[in-house]
Amino acid sequence: MPTLRTHIEAEQWIEYDYDPPCPETDHNAAITICSVTLHGVELLPALSRRIIDELEALCFEDVAYKAEDHRY
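Read on for an overview of the structure. Quick caveat, the model's predicted, so the values are computed rather than measured. (Residues numbered from 1 in each chain as written. Predicted model: local features only at pLDDT ≥ 70, side-chain atom pairs only at ≥ 80, totals over all residues. Heavy atoms only, no water.)

Looking now at the sheet that holds strand β2 (residues 30-38). Reading across from one edge, β1-β2-β3 is the order of the 3 strands in this open sheet, with antiparallel pairing throughout. Of all the strands in the sheet, the pair left with one neighbour each is β1 (12-19) and β3 (41-42). Here 2 bridges tie β2 to β3, and the two strands are oriented antiparallel to one another. Within β3, the position partnered with T37 by the bridge is E42. (Pairing = 2+ DSSP bridges. Helix = DSSP H or I, 4+ residues; strand = E, 2+ residues; numbered from the N terminus.)

Following this line, the structure appears as structure tokens:
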């Protein structure tokens with residue numbers, strides 16, 4: 001039986017909390033991912049630490065982008 005593999009792009013939703021840096025306490029900025037959903041299915045419990053780290057990096061980029069006030 002022949003098979004066909006296709007690439008389908010899908011939106012995933014990442015909900016996160018951003019904790020800004022605090023120079024007085026020497027606290028670095030932090031991202032805490034609260035939820036990762038794809039087609040309404042929660043994926044966070046199944047994600048590896050490496051994937052979560054990559055998503056946190058994307059969230060930091062999102063925070064920086066919004067701080068520059070580059071809104072659509």
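We now examine the nonpolar core. By size, the foremost hydrophobic cluster in this structure holds 8 residues: I31, I33, V36, L44, I52, L55, C59 and V63. If you tally residues by element for this core, the top one is helix α1 (residues 49-67), at 4 residues. Contacts of C59, omitting those with residues within four sequence positions, involve I14, Y16 and I31. (Core = buried A, V, L, I, M, F, W, Y, C linked by side-chain atoms within 4.5 Å. Buried < 20%, exposed > 50% of the residue type's maximum accessible area, 1.4 Å probe, protein only. Contact = heavy atoms within 4.5 Å.)

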